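In case you want the letters, here they are:
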Amino acid sequence: MKIIKGILDFLFYGNLWIAFCAVAMVLQTEYLLEGRLYFSNFSLFVFFATSFLYGFHRVMGLKKLSAFLDKGRFVTINYRKTDIFIIAAIAGVAAIWYFFQLKWHTQLALIVPAIISLGYVFPILGPYGRLRDLNYIKIFLIAITWAFISTTLPFYESESTDHLFGAILFTERFLFVLAITIPFDIRDYQIDSHSKVKTIPTSMGVRKSIQLAGVILFLEIVLILFATKLGYYPTGFVVGLIVNILSTFYFIRLSPKIEHDYYFTGLMDGTMILQFFLTVGIEMLI
């Protein structure tokens, strides 16, 4: 059991799992745009950049969470902070290398999400702290950044010119990430209350927050059906997306009853990997 826990801790808190989630989202978009699976310089950049940013976020965040270091996931993160820092540093170097392999217009387009991502981790706002410390904004920053990097940038990398398709891709991914981020705010209810950061769950309550996630996922389904009518999404993708959305909402409904962080860091984040396998897998089979 200790060996399995050690492997899972390394995967989840070494920020490799979330990096795989990011790559899965990019690969899914690239497959939809180009009809093939391959590891591009951009997908490899996303993998290492995600590992770097989440690693530094975990380590830097410990300074503000001294009251919680003996609880839950923070015990493991604090114990492994040196390992996390080393992995993040190596990933950062790799991300820089792959950044310079990208097309210049992609490099330019990365400036804004890079500023948002760094501002989420580092206190660029001076006395106001990090961007995540601003009321209500955290969940939207995450959804916008993930959607932009995993849809808009691959769209431009592929040199596609159908901007309506690009807008639909962005909006659909934004809605999905927004919905799966709500359970994390529910999980962090006590931490955000302690930090005096207002979030959707602290303002609306847990039950209404879950209902809001359901409404967001319903809107995503409506958008998917609209995109399908326009001929943008093939049948396999539509089936995979809807199955993923329904299963994700089931996981979201269960989330207030579960305290173990593996459920959130592993399963809720893992819905992105699940979506990749469902959409691309079903599309390849039919």
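The present account deals with the structure reproduced in this document. No experiment lies behind these values; they were computed from the predicted model shown.

1. Some details on the pattern of salt bridges
Proximity of charged atoms lets side chains of opposite charge pair with each other.
Here's step 1: Taken as a whole and assessed by the stated rule, the structure comprises five salt bridges.
Here's step 2: The closest approach of N and O atoms between Arg36 and Glu34, which form a salt bridge, is 3.4 Å.
Here's step 3: A relative accessible area of 45% means that Arg36 is categorised as partly exposed.
Here's step 4: Residue Asp261 is joined to Arg187 by a salt bridge in which the shortest nitrogen-to-oxygen separation is 2.6 Å. Taken as a pair, Asp261 in helix α14 (residues 261–285) and Arg187 in helix α9 (residues 163–187) lie far apart in primary sequence, 74 residues in all.

2. Overview of the side chain of Asn15
Here's step 1: With respect to the element layout, Asn15 can be found in the loop between α1 (2–13) and α2 (16–34).
Here's step 2: Assessed through its relative accessible area of 0%, Asn15 is described here as buried.
Here's step 3: Reaching out from Asn15, the side chain makes a polar contact with the backbone oxygen of Tyr13 at a distance of 3.3 Å.
Here's step 4: Discounting chain neighbours no more than four positions away, the residues touching Asn15 are Phe10, Ser51, Tyr54, Gly55, Arg58 and Ile84.

3. Structural notes on a nonpolar patch on the surface
Here's step 1: Together, Trp104, Leu108, Ile111 and Ile115 line one region of the surface with nonpolar side chains, adding up to about 460 Å² of accessible area.
Here's step 2: Contributing elements (two or more residues each) for the nonpolar patch: α6 (104–109) and α7 (111–121).
Here's step 3: The topology assignment puts Ile111 in helix α7.
Here's step 4: Residue Ile111 is classed as partly exposed on the basis of its relative accessible area of 44%.

4. Overview of the packing of helix α12 (residues 206–229) against helix α13 (residues 235–254)
Here's step 1: Running from N to C, α12 and α13 point in directions that differ by 180 degrees, and their axes come no closer than 10 Å. Judged by the inter-axis angle, α12 sits roughly antiparallel to α13. Only Val238, Leu241, Ile242, Ile245, Phe249, Ile252 and Arg253 of α13 make contact with α12, whose side of the interface consists of Ile210, Ala213, Gly214, Leu217, Glu220, Ile221, Ile224, Leu225 and Thr228.
Here's step 2: Counted by class, the contact of α12 with α13 contains twelve nonpolar, two polar and two charged residues.

Conventions and cut-offs
- Residues numbered from 1 in each chain as written.
- Predicted model: local features only at pLDDT ≥ 70, side-chain atom pairs only at ≥ 80, totals over all residues.
- Heavy atoms only, no water.
- Salt bridge = Lys/Arg side-chain N within 4 Å of Asp/Glu carboxyl O.
- Buried < 20%, exposed > 50% of the residue type's maximum accessible area, 1.4 Å probe, protein only.
- Helix = DSSP H or I, 4+ residues; strand = E, 2+ residues; numbered from the N terminus.
- Polar contact = N/O pair within 3.5 Å; in protein donor to acceptor, adjacent residues only side chain to side chain.
- Contact = heavy atoms within 4.5 Å.
- Patch = residues over 30% accessible without salt bridge, like charges linked within 9 Å, V, L, I, M, F, W, Y side chains within 5 Å.
- Areas by Shrake-Rupley, 256 points an atom, 1.4 Å probe, with all protein chains shown as cover.
- Axes fitted to C-alpha atoms, helices over the stretch in contact; angles between N-to-C directions.
- Parallel < 35°, antiparallel > 145°, perpendicular 65-115°, else oblique.
- Nonpolar A, V, L, I, M, F, W, Y, C, P; charged D, E, K, R; others polar.

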